[in-house]
Amino acid sequence: MSQPRRSEAVTVGILALQGAFVEHQAILQKLSLRTRLHVVLVRTPEDLQQCDALIIPGGESTTIALLARLAGLLGPLREFVRVKPVWGTCAGAILLAQSIEGAKKGGQELLGGISVTVQRNGWGSQVESFEAPLEVEGMRDHERPFHGVFIRAPVILSLHPSPSDPPIQIVSRISASLLPRTQTLVPLDEDDTDPRDPRTIVALRQGRHLLSTFHPELTKDDRFHEYFVRECVLPSVA
Amino acid sequence: MTTPSTTSSGVATPPVPQGAGNPTGTPVLAPTRSTQAKDGGSSSGSLGTFGVKSGLAQMLKGGVIMDVINAEQARIAEEAGACAVMALERVPADIRANGGVARMSDPKMIKEIVDAVTIPVMAKVRIGHFVEAQILQAIGIDYIDESEVLSPADEEHHINKHAYKVPFVCGARNLGEALRRISEGAAFIRTKGEAGTGNVVEAVRHQRAVMSEIRKASVMSEEELYAYAKDIQAPFHLLKETARTKRLPVVNFAAGGIATPADAALMMQLGCDGVFVGSGIFHVSSGDPAKRARAIVQAVTHHNNPKILAEISEDIGEAMVGITITDEMKGGRMASRGW
């Protein structure tokens, strides 16, 4: 982790406290881009300082938050999210949400950064985990579906950007027919098949942040990682 | 829904996640789904695929899974940073001490634990007891451990784990055993170690055996691999995949005898992706279980940082009383169960 920082390279950190961080690292290292990417596994505040952008991987959000606090990373991470691009997948999306439902008893710490409310384990237990093809707006070869892997995934319940926040841009939705059948916590007025139901959103952007409730790092498809680097990371370091 | 990744030619190749304890290993990802192209842009979702089963194990990597016997312990584990809990009526040390037949826990007790925490909940079934597995799937458990810690229900067959939407973890002492379990549908492997002893020696033996056999296989010619597959009684296609990627095709945790933060870090440095702690946390005579649990969680994350390991190992009370592993010890060798 102590490689010298190359000035022409962009350093993307991956929060490596717990979860599927190595999968993100593998895809980032294989991306072919004109800009050189330097990938850092972040476990300490010193690691984080080197980074121009950060990915928060899937894992257990309660575990990652506790380890971040114990490593003295919570403050530095919140500061990082305020000024630099961050992408959260699954547990990472939970940590980036402004508020959550289904937190552990006594509540749990979040980083915030994206003006959404999400429901943890929105589909239920592992037996409800699923895979489904997704259309992703703005991705290379976007007519070719992206394979979405949803594992005890969170569900986006509502978007509430304040006027001073950057607008939220929907990146991908799933079919309403895939929504949790048993969800009872948030009775929505709309018809379940309403395509604008926020619960159908599985990826979105707000400013330089990206959020996905599924796991692009569990596929061999690098298009989502390329999207993050191209759309969120490179414009912010230029 | 769809039969989990079983093709006409047998078992599909499972994904090959890269280990947290093996940062230089070959990165490998979820299997290419044959359904993927066919589905196109349709709205169908596939439940219980091998991809989501092994994918959950990938999300647990770098974490600690703790044995708990009630909702209160489960909450302590969650607060201490456990990435999942294993719900059971007696921890292995007590199963050893009490003797008799050890079975699946009461579903009511498991459901109380499910209700108490937000992290994944696992539970154990006896080797070969597919009805206990059906029951656990019906109550919506997140992972099943087909475990040698309970008394085996079948001395010849393991459960056909492909037939379930819920994923399975199984113990293994060597590469052949691990690959046999994966071919039966296990989406997650752990060392067997020797549960309930507080003695890490067997877990080390099993992890070293797996790693050494993988290294051996990785330099073999195809002809040699055919012979080696026969020798270690492993399916050839899984052995070939393992040899190519130089790691097990699924996530591999340490289990059986881990009692201290240093034990946990040792297993991570030996190439494990995470750690199960059974009796080592709540079966201590003195000290604060929460503190010990949290220290083990930190040790797994910072397993390569001796300075942090020293800090977290300080003042966590006495570890569980370990026992010397012999054939005559109470409860016998559990690791020899499984075929």
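Within each chain, residue numbers correspond to sequence positions counted from 1 in written order. To label them, take the chains in the order written and letter them from A, then take the ligands in the order written and number them from 1. In view of the model being predicted, local features appear only for residues whose pLDDT reaches at least 70, and side-chain atom pairs are presented and counted only at 80 or more, with totals across whole chains, interfaces and linings using the full set of residues. Only hydrogens and water are set aside when side-chain values are computed; all heavy atoms of the structure are taken into account.

- The name recorded for chain B in an unreviewed UniProt entry is pyridoxal 5'-phosphate synthase (glutamine hydrolyzing), from Postia placenta MAD-698-R-SB12.
- One UniProt comment on chain B, placed under Sequence similarities (unreviewed entry), says "Belongs to the PdxS/SNZ family."
- Quoted verbatim from the Catalytic activity (unreviewed entry) field of UniProt, the annotation for chain B is "aldehydo-D-ribose 5-phosphate + D-glyceraldehyde 3-phosphate + L-glutamine = pyridoxal 5'-phosphate + L-glutamate + phosphate + 3 H2O + H(+)". UniProt positions are given in the numbering used here, feature names are shortened, and annotations may be inferred rather than shown by experiment.

- Going by an unreviewed UniProt entry, chain A carries the name glutaminase and comes from Postia placenta MAD-698-R-SB12.
- UniProt, in its Catalytic activity (unreviewed entry) section for chain A, records the words "L-glutamine + H2O = L-glutamate + NH4(+)".
- Recorded in UniProt for chain A, the comment headed Sequence similarities (unreviewed entry) runs: "Belongs to the glutaminase PdxT/SNO family."

## Notes on the overall build of chain A
Then comes step 1: Counting from the N terminus, the helices are DSSP H or I runs at least four residues long and the strands are E runs at least two residues long. Broken down by element type, chain A carries 6 helices and 12 strands.
Then comes step 2: The globule rule is 2.2 Å times the number of residues to the power 0.38, and the radius of gyration it is compared with is taken over C-alpha atoms. Relative to the globule expectation of 18 Å for 238 residues, the C-alpha radius of gyration of chain A, 17 Å, shows essentially globular dimensions.
Then comes step 3: If you line up chain A on its principal axes, its C-alpha atoms span 55 × 45 × 40 Å.
Then comes step 4: Per-residue burial over chain A gives 62% buried out of 238 residues.
Then comes step 5: The contact definition used throughout considers only heavy atoms, calling two residues in contact when any of these lie within 4.5 Å. For chain A, contacts bridging at least 24 residues in sequence account for 74% of all contacts bridging at least 6. Note on classification: 1.4 Å probe, protein chains only; a residue is buried when its accessible area is under 20% of the maximum for its type, exposed when over 50%, partly exposed between these limits.

## Topic: the overall build of chain B
Then comes step 1: The number of helices and strands found in chain B is 14 helices and 11 strands.
Then comes step 2: Per-residue burial for chain B yields a buried fraction of 61% across its 339 residues.
Then comes step 3: Contacts spanning at least 24 positions in sequence make up 67% of the contacts within chain B whose residues lie at least 6 apart.
Then comes step 4: Of the accessible surface of chain B, which amounts to about 12,300 Å², a share of 51% is contributed by carbon and sulfur atoms. Per-residue and other accessible areas were derived by the Shrake-Rupley procedure at a 1.4 Å probe size, with only the shown protein chains allowed to occlude residues.

## Re the packing of aromatic side chains
Then comes step 1: What counts as a ring pair is set by centres within 6.5 Å for rings of Phe, Tyr and Trp (its six-membered ring), and what kind of pair is set by the plane angle: stacked under 30 degrees, edge-to-face over 60, tilted for all other angles. Counted according to the given criterion, the structure contains 16 aromatic pairs over all chains.
Then comes step 2: On the basis of an interplanar angle of 80 degrees and a centroid distance of 4.9 Å, the ring pair of phenylalanine 188 of chain B and phenylalanine 253 of chain B is categorised as edge-to-face. On the criterion of sequence distance, the pair formed by phenylalanine 188 of chain B in strand E9 (residues 188-191) and phenylalanine 253 of chain B in strand E10 (residues 251-253) is long-range, its members being 65 residues apart. Accessibility assignment for this pair places phenylalanine 188 of chain B and phenylalanine 253 of chain B in one class, buried.
Then comes step 3: Grouped by ring-pair contacts, the aromatic residues Trp87, Trp123, Phe130, Phe146, Phe150, Phe214, Phe224, Tyr227 and Phe228 of chain A constitute a single cluster.

## Here's the deal with the UniProt feature "binding site: L-glutamine" (unreviewed entry) in chain A
Then comes step 1: In the UniProt entry, the feature "binding site: L-glutamine" (unreviewed entry) is given for Gly59, Glu60, Ser61, Arg120, Ile151 and Arg152 of chain A. A compact arrangement is adopted by the annotated residues: their sequence extent is 94 residues, whereas the largest C-alpha distance between any two is 13.1 Å.
Then comes step 2: Mapped onto the secondary structure, arginine 120 of chain A falls in the loop between strand E6 (114-119) and strand E7 (130-136).
Then comes step 3: Overall, arginine 120 of chain A belongs to the buried group, its relative accessible area being 3%.
Then comes step 4: Beyond its immediate stretch of four places on either side in the chain, arginine 120 of chain A contacts Glu60, Ser61, Thr62, Ile94, Ile100, Glu101, Gly102, Ala103, Lys104, Gln108 and Pro154 of chain A together with Thr118 of chain B.
Then comes step 5: Distance and chemistry together define a polar contact, namely a pair of N or O atoms within 3.5 Å, with one atom able to donate a hydrogen and the other to accept it when in protein, and with adjacent residues in sequence counting only for side-chain atoms on both sides. Within the structure, the side chain of arginine 120 of chain A is placed 3.4 Å from the side chain of glutamate 60 of chain A, a separation counted as a polar contact.
Then comes step 6: Take arginine 152 of chain A: it is sitting in the loop between strand E8 (146-150) and strand E9 (155-159).
Then comes step 7: The class for arginine 152 of chain A is buried, based on a relative accessible area of 7%.

## What to know about the UniProt feature "active site" (unreviewed entry) in chain B
Residue and element names in this part refer to chain B.
Then comes step 1: Following the UniProt record, one finds the feature "active site" (unreviewed entry) at Lys124.
Then comes step 2: Tracing the backbone through its elements, the reader meets lysine 124 in strand E6 (residues 121-126).
Then comes step 3: On the basis of relative accessible area, lysine 124 is assigned to the buried category, the value being 8%.
Then comes step 4: Leave out the neighbours within four places in its chain, and lysine 124 touches Met86, Ala87, Leu88, Met104, Leu136, Asp145, Ser147, Val149 and Leu150.
Then comes step 5: Among the polar contacts made by the side chain of lysine 124, one reaches the side chain of aspartate 145 at a distance of 2.9 Å.

## What about the sheet that holds strand E7 (residues 143-147) of chain B?
All names here are of chain B.
Then comes step 1: Paired strands, as defined in this entry, are two strands with at least two bridges between them according to DSSP. Judged by pairing direction, the sheet is parallel, and its 8 strands sit side by side in the order E10-E9-E8-E7-E6-E5-E4-E11 without closing on themselves. If you trace the sheet from one side to the other, it starts and ends with E10 and strand E11 (275-277), each paired once. Each strand axis lies, on average, 30 degrees off the axis of its neighbour in the sheet, ignoring direction.
Then comes step 2: Note: strand E4 (residues 64-68) against strand E5 (residues 84-87), 4 bridges, orientation parallel. Structural elements are reduced to axes, namely lines fitted to C-alpha atoms, with helices fitted over the stretch in contact, and the angle between N-to-C directions of any two is expressed from 0 to 180 degrees.

## Focus: unusual backbone geometry
All names here are of chain A.
Then comes step 1: Positioned with a positive phi, cysteine 90 is a non-glycine residue whose angle comes to about 55 degrees.
Then comes step 2: Taking the relative accessible area as the measure of exposure, cysteine 90 reaches 5% and is therefore buried.
Then comes step 3: Of note, the phi angle at asparagine 121 is positive, near 40 degrees, even though the residue is not glycine.
Then comes step 4: Following the sequence through the fold, asparagine 121 ends up in the loop between E6 and E7.

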